[in-house]
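Here's the letter readout for the chains.
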Amino acid sequence: MAGQGDAQQELARELEQLRERVAILERVDAERQALAEELREETLVSAALQRIVALPSADLDTKDLVQAITDEVTALTGAEFGAYFYNVVGDSGESYTLYTLSGVDPEAFASFPMPRKTEIFGPTFRGEDVLRLDDVTLDPRFGKNPPYDGMPEGHLPVHSYLAVPVIARDGEVLGGLFLGHSRPAVFTERDEQLVVAIVAHAAAAIEHGRLLREAQAAKAQHRNLFDGIADAILMADENSRYVDANPAAEKLLGYSRAELLNLSVADIVAYQPTWTDAEWQRFRQDGVWTGEVELRHKDGQIVPVEAHASTVELPDGVVFASVLRDISQRRNVEKMQREFTTLITHELKAPLTSLKGFTQLLQRRQEYDPGAIEVILGRTNHLERLISDLLDVASADSGKLSLRRADVDLVTIVGRNVEMARATTTEHQIQISAPSQPIVGWWDSGRLSQVLQNLLSNAIKYSPTGGNIVVSLDADDRNARVSIADSGVGISAGSLPHVFDRFYRVEGVEHASVQGLGIGLYIVRTLIEAHGGDIFVESTPDQGSTFTISLPRSS
């Protein structure tokens, strides 16, 4: 009996040991499963974080970015739906709220207004705290804000509630992430910790994307301003290589921006006494330079410019910016002014010399000399015409050229001026081709006579060997036309577009009778245009010229 009892006790001990071992194995297996589940969760979280971090925040629109974040968090926490609300500022400065949804049709929220900073939403939108509730409907802050009492009719049934503010590094509240479930107590403390961790990364991604887009917008704005400036701008580095150019510089120099970026200052600047290597070095030292310099156009022509250069400190180094303005026209005007001064001096000096000489002759003789008196009157009239022409130019430039209009007959005006022109020459035949009936229009007869005298005088001057001059008139109900054709030296093709320019004198014409200030045809065109008309010229060298006037018969 004793042996049997001992055996039973031994079996009982072995059974207890087996039970303990099974319990240990069960605990180990439970711990293993827990570790595996924790590892799985960590893997899921890590993968989600990697996907969020890998999002191209610079390229994604904010809505696309937060939608991806909302989807990730909703899936990780097992929420039935997630929503992300965020504020944006429009182009005109207005602020408004947008949202993204996950796990639910957007139509579910379409009929409800945006959440306000109520008691339940306020802490999140103000960035104060994370709010996790097992049953939001039991919270004393729930459903206490009009116009709703409790859960709005048609709203998703929400009990489990988790809301996390999304805050930038500078403390700005970027938005709020809200998670919900129809069953109570779904979200755990671990879910809260996961969401908080992910939201921190999300905030960084959103802020990074926003800053990049703002930088890109600022860069685009700077580029638009740079490209939109009317003056040419060239920027060179410390090695005198161009690093940027605006469209005005491309137009000024004939190079594309890409071509300019392969050139240096030495390739463009035509060195001269005012801009030498020493001058460039002084500019580098002083940081500013202003003056005139000549540049080489792509086609080889020289372009004079007024330059304002300065040193600009940029994050990646020093650049030298030059603002350039084409002064070709100004130099042409200055040249014209010099030529005009020389011309007007000659034109005034010659008659004054004659006036003085013949006056002194009369003074010595102390007797009446008809020839001397005629010369004096002729020279005086010439000076009077010069002064009158200059006054007309000044009036035209200031817009004060006046007309005294009346009903006048063009046939009569032309006939009278042709007779006056015939009296000035014995070498030319001046003929008129005109209708027998009057051509009446609303014109200034004195100004039209001034035009005809100038054109007839030119026809005589530019036909030095004589020949025929034909004046033709015709009209319809609306317009009258006068053409004056000569058989003189004509006008070259190069001069033809400029004959009506102020102070322009036809090149290649050398004859004693051809002189003047180069303002006659300018005044003619101005007077015709003041009447609302046009003037045209056709010419062939060595065959003659035809000037045609078209005048509206009414104002």
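Residues numbered from 1 in each chain as written. Predicted model: local features only at pLDDT ≥ 70, side-chain atom pairs only at ≥ 80, totals over all residues. Heavy atoms only, no water.

1. Side note on the overall build of the chain
Alright, step 1. Assigned secondary structure in the chain consists of 14 helices and 17 strands.
Alright, step 2. A separation threshold of at least 6 residues defines the contact pool for the chain, and within that pool the share at least 24 residues apart is 60%.
Alright, step 3. Element-wise, carbon and sulfur atoms account for 52% of the exposed surface of the chain, whose accessible area totals about 32,100 Å². (Helix = DSSP H or I, 4+ residues; strand = E, 2+ residues; numbered from the N terminus. Contact = heavy atoms within 4.5 Å. Areas by Shrake-Rupley, 256 points an atom, 1.4 Å probe, with all protein chains shown as cover.)

2. Some points on the confidence of the model for the chain
Alright, step 1. The share of residues in the chain with pLDDT of 70 or more is 70%, and the mean pLDDT across the chain is 78.
Alright, step 2. Least confident of the elements in the chain is helix α3 (residues 107-110), whose mean pLDDT is 61; most confident is strand β15 (residues 479-485), at 95.
Alright, step 3. Scored below 50 in pLDDT, residues 510-514 shows six contacts in the model against residues more than four places distant or in partner chains. (pLDDT = per-residue confidence, 0-100.)

3. What about the sheet that holds strand β9 (residues 302-314)?
Alright, step 1. An order of β7-β6-β10-β9-β8 is seen for the five strands of this open sheet, with the pairing classed as antiparallel. With partners counted over all chains shown, the strands left at the sheet margins are β7 (242-245) and β8 (288-296), one partner each. Direction aside, the axes of adjacent strands within the sheet are offset by 30° on average.
Alright, step 2. By the bridge criterion, five bridges tie strand β6 (residues 232-236) to strand β10 (residues 317-326) in an arrangement that is antiparallel. (Pairing = 2+ DSSP bridges. Axes fitted to C-alpha atoms, helices over the stretch in contact; angles between N-to-C directions.)

4. Quick look at the side chain of S545
Alright, step 1. Turning to its location among the elements, S545 is positioned in strand β17 (residues 544-552).
Alright, step 2. In this structure the side chain of S545 is engaged in a polar contact, spanning 2.7 Å, whose partner is the side chain of S539.
Alright, step 3. Each residue touching S545, except ones within four places of it in the same chain, is listed here: I484, A485, D486, G490, I491, E538 and S539. (Polar contact = N/O pair within 3.5 Å; in protein donor to acceptor, adjacent residues only side chain to side chain.)

5. Quick notes on the pairing of strand β4 (residues 160-167)
Alright, step 1. With seven of eight residues buried, β4 is to be regarded as a mostly interior element.
Alright, step 2. In terms of strand pairing, strand β3 (residues 131-133) meets β4 through three bridges, oriented antiparallel. Residue pairing for β4: L131 is matched across the bridge by A163.
Alright, step 3. Where β4 hands over to strand β5 (residues 173-181), the hairpin turn is made up of five residues, of which G171 adopts a positive phi near 95°. (Buried < 20%, exposed > 50% of the residue type's maximum accessible area, 1.4 Å probe, protein only.)

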